Amino acid sequence: KRRHQQYFFLGCCFLKPGCWDQVKASFPSFLQNVAQDCPDTHWVPQALVLTHKYLPYINFVGHFNSIASDTEQLLKRIGAWDDYGANGWGIFRNESIFASHGVLSNHVSNAASHLKQHYSKDAEIIADKMYEVDYNTTVFNLTYWKMYPT
């Protein structure tokens, strides 16, 4: 927790009074008041990170919810599946990459189990607007994900 506090204070909130209080208040507060004013590679829209000159070269976009199959597809496409993905992974190093049962639930932050606790309808509305540029970048092939249908 202290590392996160130092990161936000030194990286985002140093010159903005009340910023740390907004970070702590709620996830929608963070999205509305901090994330948009403090660009960071963890949350800035990817379409803003990748300049338009690089977009024509993107020929593969993987998704976290299908990370195992997407990783296999990408590694096979570049001829690296057998050497880097087919085995050597998992607790006993005898599995393919991301093949462990429940890879999403075992993610380091265990974020999937806490999603509804922090991701409210308000947060979804703010996030949809915040990442609209990514959804409108056709090469990314993204569709809006809705936890709270309108």
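So, here is what we can say about the structure in this document. Quantities reported herein were computed from a predicted structural model and do not represent experimental measurements.

1. Details of helix H8 (residues 121–130)
Taken residue by residue, H8 has Ala123, Glu124, Ile126, Ala127, Asp128 and Met130 as its buried positions. In this structure, the buried side of H8 is in contact with helix H3 (27–35), helix H7 (115–118) and helix H9 (132–135).

2. Some details on helix H5 (residues 67–77)
What H5 keeps buried is the set Ile67, Asp70, Thr71 and Leu75. The buried residues of H5 occupy one face: seen down the axis, they fall within an arc of 125°. In this fold, the buried residues of H5 make contact with helix H6 (81–85). Looking one or two residues beyond H5, the residue adopting positive phi is glycine 79, at roughly 75°.

3. Digging into the pattern of salt bridges
All chains considered together, the criterion is met by 2 salt bridges. The residue glutamate 72 makes a salt bridge to lysine 76 at a minimum N-O spacing of 2.7 Å. Residue glutamate 72 and its partner lysine 76 are both found in helix H5; the two are separated by 4 residues, about one turn of the helix. The class for glutamate 72 is partly exposed, based on a relative accessible area of 27%. Residue lysine 76 is classed as partly exposed on the basis of its relative accessible area of 49%. Where lysine 146 meets aspartate 128, a salt bridge forms, and the shortest distance between an N and an O atom there is 2.2 Å. Here the residue lysine 146 occupies a position in the segment after H9, and aspartate 128 occupies one in helix H8, the gap between them amounting to 18 residues. On the accessibility criterion, aspartate 128 (11% relative accessible area) is buried.

Reading the values: rules and limits
- Residues numbered from 1 in each chain as written.
- Predicted model: local features only at pLDDT ≥ 70, side-chain atom pairs only at ≥ 80, totals over all residues.
- Heavy atoms only, no water.
- Buried < 20%, exposed > 50% of the residue type's maximum accessible area, 1.4 Å probe, protein only.
- Helix = DSSP H or I, 4+ residues; strand = E, 2+ residues; numbered from the N terminus.
- Contact = heavy atoms within 4.5 Å.
- Arc of directions from axis to C-beta.
- Salt bridge = Lys/Arg side-chain N within 4 Å of Asp/Glu carboxyl O.

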